[in-house]
Amino acid sequence: MLLIWNRPGFTEELTEQDRTALFGEVDEIMKELTETGELVDGRALANPSQTLTVRQIDGSTEIVDGPFMESKEQFAGYLTVECDSPQRAAEIAARWPDVRYGGAMEVRPVMEQAGTEM
(Lines give C-alpha, C1' and ligand atoms only; values in the text may rest on other atoms or scores of the structure.)
Protein backbone atom coordinates (compact mmCIF):
# COMPACT_ATOMS: atom_id res chain seq x y z
CA MET A 1 0.00 0.00 0.00
CA LEU A 2 1.27 3.46 -0.85
CA LEU A 3 0.12 5.94 1.80
CA ILE A 4 0.03 9.53 0.60
CA TRP A 5 1.04 12.18 3.15
CA ASN A 6 0.90 15.85 2.25
CA ARG A 7 0.37 19.28 3.66
CA PRO A 8 -3.37 20.09 3.61
CA GLY A 9 -4.18 22.92 1.23
CA PHE A 10 -0.87 22.89 -0.62
CA THR A 11 -2.59 22.64 -4.00
CA GLU A 12 -4.41 25.92 -3.38
CA GLU A 13 -1.00 27.61 -3.13
CA LEU A 14 -0.08 26.48 -6.65
CA THR A 15 -0.79 28.42 -9.81
CA GLU A 16 -3.62 27.05 -11.95
CA GLN A 17 -1.00 25.86 -14.45
CA ASP A 18 1.02 24.03 -11.77
CA ARG A 19 -2.13 22.50 -10.27
CA THR A 20 -3.24 21.27 -13.70
CA ALA A 21 0.23 19.80 -14.30
CA LEU A 22 0.25 18.06 -10.90
CA PHE A 23 -3.16 16.45 -11.44
CA GLY A 24 -2.09 15.54 -14.97
CA GLU A 25 0.91 13.66 -13.54
CA VAL A 26 -1.37 11.80 -11.15
CA ASP A 27 -3.66 10.88 -14.06
CA GLU A 28 -0.67 9.60 -16.07
CA ILE A 29 0.58 7.43 -13.20
CA MET A 30 -2.91 6.04 -12.56
CA LYS A 31 -3.36 5.27 -16.28
CA GLU A 32 0.02 3.49 -16.39
CA LEU A 33 -0.74 1.43 -13.29
CA THR A 34 -4.14 0.49 -14.70
CA GLU A 35 -2.58 -0.56 -18.02
CA THR A 36 0.14 -2.65 -16.33
CA GLY A 37 -2.42 -4.26 -14.00
CA GLU A 38 -0.55 -3.03 -10.90
CA LEU A 39 -3.35 -0.77 -9.63
CA VAL A 40 -5.66 -2.54 -7.18
CA ASP A 41 -7.39 0.48 -5.62
CA GLY A 42 -6.80 4.10 -4.72
CA ARG A 43 -8.69 6.93 -3.08
CA ALA A 44 -8.17 10.45 -1.86
CA LEU A 45 -9.37 11.17 1.67
CA ALA A 46 -11.64 14.00 2.75
CA ASN A 47 -10.15 17.13 4.30
CA PRO A 48 -8.61 16.48 7.75
CA SER A 49 -11.16 18.91 9.23
CA GLN A 50 -13.76 16.15 8.69
CA THR A 51 -11.74 13.63 10.74
CA LEU A 52 -12.81 12.08 14.01
CA THR A 53 -10.28 10.30 16.22
CA VAL A 54 -11.41 7.62 18.65
CA ARG A 55 -9.16 6.43 21.49
CA GLN A 56 -9.24 5.02 25.00
CA ILE A 57 -7.99 7.22 27.83
CA ASP A 58 -8.08 5.86 31.38
CA GLY A 59 -10.74 3.32 30.41
CA SER A 60 -13.04 5.87 28.76
CA THR A 61 -13.66 6.17 25.07
CA GLU A 62 -12.90 9.63 23.75
CA ILE A 63 -14.01 10.91 20.35
CA VAL A 64 -12.40 14.16 19.23
CA ASP A 65 -12.44 16.23 16.08
CA GLY A 66 -9.39 16.19 13.87
CA PRO A 67 -6.43 13.94 13.25
CA PHE A 68 -4.76 12.05 16.08
CA MET A 69 -1.45 13.88 15.85
CA GLU A 70 -0.63 17.53 15.44
CA SER A 71 1.46 17.55 12.34
CA LYS A 72 2.17 19.59 9.25
CA GLU A 73 1.58 16.49 7.13
CA GLN A 74 -1.72 14.65 7.06
CA PHE A 75 -2.73 11.29 5.62
CA ALA A 76 -4.32 12.34 2.33
CA GLY A 77 -5.04 9.11 0.48
CA TYR A 78 -3.74 5.76 -0.61
CA LEU A 79 -3.02 3.49 -3.54
CA THR A 80 -3.05 -0.26 -3.30
CA VAL A 81 -0.76 -1.76 -5.92
CA GLU A 82 0.24 -5.31 -6.75
CA CYS A 83 3.95 -5.18 -7.60
CA ASP A 84 6.75 -7.64 -8.16
CA SER A 85 8.81 -6.13 -5.33
CA PRO A 86 8.90 -3.47 -2.62
CA GLN A 87 11.46 -1.67 -4.80
CA ARG A 88 8.89 -1.36 -7.63
CA ALA A 89 6.36 0.09 -5.16
CA ALA A 90 9.01 2.60 -4.03
CA GLU A 91 9.68 3.55 -7.66
CA ILE A 92 5.98 4.34 -8.12
CA ALA A 93 5.90 6.30 -4.86
CA ALA A 94 8.97 8.34 -5.86
CA ARG A 95 7.12 9.54 -8.97
CA TRP A 96 4.04 10.75 -7.06
CA PRO A 97 4.00 14.55 -7.47
CA ASP A 98 2.99 15.38 -3.87
CA VAL A 99 6.49 14.29 -2.83
CA ARG A 100 8.00 17.24 -4.70
CA TYR A 101 5.77 19.62 -2.74
CA GLY A 102 6.89 18.51 0.71
CA GLY A 103 4.69 15.44 1.03
CA ALA A 104 5.75 11.84 1.44
CA MET A 105 4.68 8.41 0.26
CA GLU A 106 4.87 5.59 2.77
CA VAL A 107 5.30 2.14 1.21
CA ARG A 108 3.91 -0.58 3.44
CA PRO A 109 3.06 -4.23 2.74
CA VAL A 110 -0.56 -5.22 3.32
CA MET A 111 -0.96 -8.27 5.53
CA GLU A 112 -3.07 -11.19 4.45
CA GLN A 113 -5.99 -11.99 6.72
CA ALA A 114 -4.03 -14.68 8.55
CA GLY A 115 -1.38 -12.12 9.52
CA THR A 116 1.44 -14.66 9.27
CA GLU A 117 3.68 -12.11 7.52
CA MET A 118 4.50 -10.47 10.85
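Residues numbered from 1 in each chain as written. Predicted model: local features only at pLDDT ≥ 70, side-chain atom pairs only at ≥ 80, totals over all residues. Heavy atoms only, no water.

Visitor: Looking at this structure, I do not really get the overall build of the protein. What am I missing?
Guide: Counting secondary structure elements, the protein contains two helices and six strands. Going from N to C terminus, the protein has its helices and strands arranged as β-α-β-β-β-β-α-β. Taking the principal axes of its C-alpha atoms as reference, the protein extends roughly 50 × 45 × 20 Å. A total of 118 residues make up the protein; the buried ones form 28% of that total. Sequence-distant contacts in the protein: of pairs separated by 6 or more residues, those separated by 24 or more amount to 68%. Accessible surface computed for the protein: about 8,300 Å², of which carbon and sulfur atoms make up 52%. Here the protein holds 10 positive side-chain charges and 23 negative ones, and the gap between their average locations is 4 Å. (Helix = DSSP H or I, 4+ residues; strand = E, 2+ residues; numbered from the N terminus. Buried < 20%, exposed > 50% of the residue type's maximum accessible area, 1.4 Å probe, protein only. Contact = heavy atoms within 4.5 Å. Areas by Shrake-Rupley, 256 points an atom, 1.4 Å probe, with all protein chains shown as cover. Lys, Arg positive; Asp, Glu negative; His and termini not counted. Charge placed at Lys NZ, Arg CZ, Asp CG, Glu CD.)

Visitor: Where do I start with a nonpolar patch on the surface in this structure?
Guide: A cluster of nonpolar side chains, namely Leu52, Val54 and Ile63, defines an oily patch on the protein surface of about 320 Å² accessible area. Structurally, Val54 can be placed in strand 3 (residues 52-57). (Patch = residues over 30% accessible without salt bridge, like charges linked within 9 Å, V, L, I, M, F, W, Y side chains within 5 Å. Salt bridge = Lys/Arg side-chain N within 4 Å of Asp/Glu carboxyl O.)

Visitor: What is the right way to read the pattern of salt bridges from this model?
Guide: One side chain can pair with another of opposite charge once the charged atoms of both are near each other. Using the criterion set out here, one finds eleven salt bridges in the structure. Note that Glu32 and Arg88 form a salt bridge whose closest N and O atoms lie 3.2 Å from each other. Linking Glu32 in helix 1 (residues 16-36) with Arg88 in helix 2 (residues 86-95), this pair joins segments that are 56 residues apart in sequence. Here Glu91 makes a salt bridge to Arg88, at a shortest N to O gap of 3.6 Å. Of this pair, Glu91 and Arg88 both sit in helix 2, three residues apart, which is roughly one turn of the helix. Taking relative accessible area as the criterion, Arg88 reaches 18% and is therefore assigned buried. Through salt bridges with shared partners, a single network forms among Glu32, Glu38, Arg88, Glu91 and Arg95.

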